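The chain contents come next:
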Amino acid sequence: MRTRNSFAYLAAVLVIGVTIVPILFVVAGGFRTTAQINSAPSGLPDPWVLDNYEFILTSPNFWRFLGNSALIAVVATVLAVGLGSMAAFALSRYAFKGREAMYGLFTLGLLFPLGVASLPLYLLLRQLGMLENPLGVAIPEAAFSLPVTIVILRPFMRSIPAEVEEAAVLDGTSRLGFFWRILLPLSVPALTTVTVLAFVTSWNAYQLPFLVFNDSQHFTLPLGVTAFQAQYTQDTARIFAFTALSMLPALGFFVLAERRIVGGLTGSVKG
């Protein structure tokens, strides 16, 4: 038993090292000068330099990229969670022919990568006139988030006892009223999980915004990082600062909601 625990702790330390150390390296690199990084790549800031972060925080480009990312992520998340919760409700509480086949189709969507659909999706968006349009990114991102949203929500909603719905119907509540007033509040842990996953996935998306946007005015933060790196190729410290600030919103959002994510996934597995 002790040996198993030792391996578990070792694995946890390795995972923490692989994930946390690179983030700390990037954040600390933003507090150094490029000369310090070139002379001692793995060293600590000495002295600590605030100019890089001040330069990024006072740059209008950074805030424009941040606003674009926030707008697209919010729209994509609302669409994915809203449509996904309604689909999960129908697939979990209604009995109809082909229900399991439809659910299986959504499950297969988890295996469908965005890269395979890049060319047809680009051609479709061009025909619809949705290039250089935030909705041209938000709507496909919501569509690609639907499978995982439904796969998590359906078991959770299905685990709600039928007696609860029957009692609501006896009190005069319609099925739609049961969905809004009872089922959704009871599904908050799972809803929080899919919300965080959809938001973080949209925030970190690179390929789809790269296909849709050509004008830098519409760039999201991941594209903004690439553009900033191309512009300041020789200034490694500023690139670190820009990258660190780009990571913070999604990272902070994920950390704050981490407990709810685990609770939602646990409930889905039990369901």
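Cut-off values and rules
- Residues numbered from 1 in each chain as written.
- Predicted model: local features only at pLDDT ≥ 70, side-chain atom pairs only at ≥ 80, totals over all residues.
- Heavy atoms only, no water.
- UniProt positions renumbered as here; feature names shortened; annotations may be inferred.
- Helix = DSSP H or I, 4+ residues; strand = E, 2+ residues; numbered from the N terminus.
- Buried < 20%, exposed > 50% of the residue type's maximum accessible area, 1.4 Å probe, protein only.
- Contact = heavy atoms within 4.5 Å.
- Areas by Shrake-Rupley, 256 points an atom, 1.4 Å probe, with all protein chains shown as cover.
- Lys, Arg positive; Asp, Glu negative; His and termini not counted.
- Charge placed at Lys NZ, Arg CZ, Asp CG, Glu CD.
- Phe/Tyr/Trp six-rings, centres within 6.5 Å; stacked < 30°, edge-to-face > 60°.
- Salt bridge = Lys/Arg side-chain N within 4 Å of Asp/Glu carboxyl O.
- Expected span 1.5 Å × (residues − 1).

As annotated in an unreviewed UniProt entry, the protein chain carries the name Carbohydrate ABC transporter permease and comes from Kibdelosporangium lantanae. UniProt, in its Sequence similarities (unreviewed entry) section for the protein chain, records the words "Belongs to the binding-protein-dependent transport system permease family." We quote the UniProt Subcellular location (unreviewed entry) comment for the protein chain here in full: "Cell membrane".

Q: Can you break down the overall build of the protein chain residue by residue, with the values?
A: Along the backbone of the protein chain there are 14 helices and zero strands. Across the protein chain, helices and strands are ordered from the amino to the carboxyl terminus as α-α-α-α-α-α-α-α-α-α-α-α-α-α. On the principal axes, the C-alpha backbone points of the protein chain span a range of 75 × 60 × 35 Å. Counting only residues that meet the buried cut, the protein chain has 39% of its 271 residues in that class. A separation of at least 24 residues holds for 74% of the contacts in the protein chain among residues at least 6 apart in sequence. Summed over all atoms, the accessible surface of the protein chain reaches about 15,300 Å², with 69% contributed by carbon and sulfur. Here the protein chain contributes 16 positively and 13 negatively charged side chains, and the mean placements of these two sets differ by 11 Å.

Q: I'd like a rundown of the side chain of E141, residues and numbers included.
A: Of note, E141 is situated in helix 7 (residues 134–158). Aside from chain neighbours lying at most four places away, what touches E141 is I72, A76, S202, A205, L208 and P209.

Q: I'd like a description of the packing of aromatic side chains, backed by residues and values.
A: Remark: the centre distance and the inter-plane angle together describe each pair of aromatic rings, the angle taken between the planes. The full count for this structure, using the stated rule, is 16 aromatic pairs. Aromatic side chains F62 and W63 sit 5.3 Å apart centroid to centroid with 80° between the ring planes, which places their arrangement in the edge-to-face category. Residue class for W63 comes out partly exposed when judged on its relative accessible area of 44%. Seen from their ring centres, F65 and F242 are 6.4 Å apart, and the 70° between their planes marks the pair as edge-to-face.

Q: Just give me the short version of unusual backbone geometry, but keep the residues and values in it.
A: Residue P47 is reached from D46 by a cis peptide bond, and omega for that bond is 0°. Locating P47 in the fold gives a position in the loop between helix 2 (34–39) and helix 3 (51–57). Positive phi, normally seen in glycine, also occurs at E132, with a value near 60°. Within the fold, E132 resides in the loop between helix 6 (114–127) and helix 7.

Q: Residue-level account of the UniProt feature "transmembrane region" (unreviewed entry) in the protein chain, with values.
A: When the UniProt feature table is mapped onto this chain, "transmembrane region" (unreviewed entry) is found at residues 7–31, 70–91, 103–125, 137–157, 178–200 and 239–257. The annotated region residues 103–125 carries 78% helix and 0% strand content, and the separation between its end C-alpha atoms amounts to 27 Å. This span, residues 178–200, is 96% helix and 0% strand, and a straight line between its end C-alpha atoms measures 30 Å.

Q: Can you explain the pattern of salt bridges? Please cite residues and give values.
A: One pass over the full model with this rule turns up five salt bridges. Here E165 and R93 are joined by a salt bridge, their closest N and O atoms 3.0 Å apart. Here E165, found in helix 8 (residues 162–170), pairs with R93, found in helix 4 (residues 60–93); they are 72 residues apart in sequence, far enough to count as distant. Neither residue differs from the other here; E165 and R93 are each classed as buried.

Q: Describe in detail helix 13 (residues 236–256), supporting the description with residues and values.
A: Helix length check: helix 13, at 21 residues, gives a terminal C-alpha distance of 30 Å against a target of 30 Å (1.5 Å per residue), a fit within 8%. What helix 13 keeps buried is the set A237, I239, F240, A241, F242, T243, A244, L245, S246 and A250.

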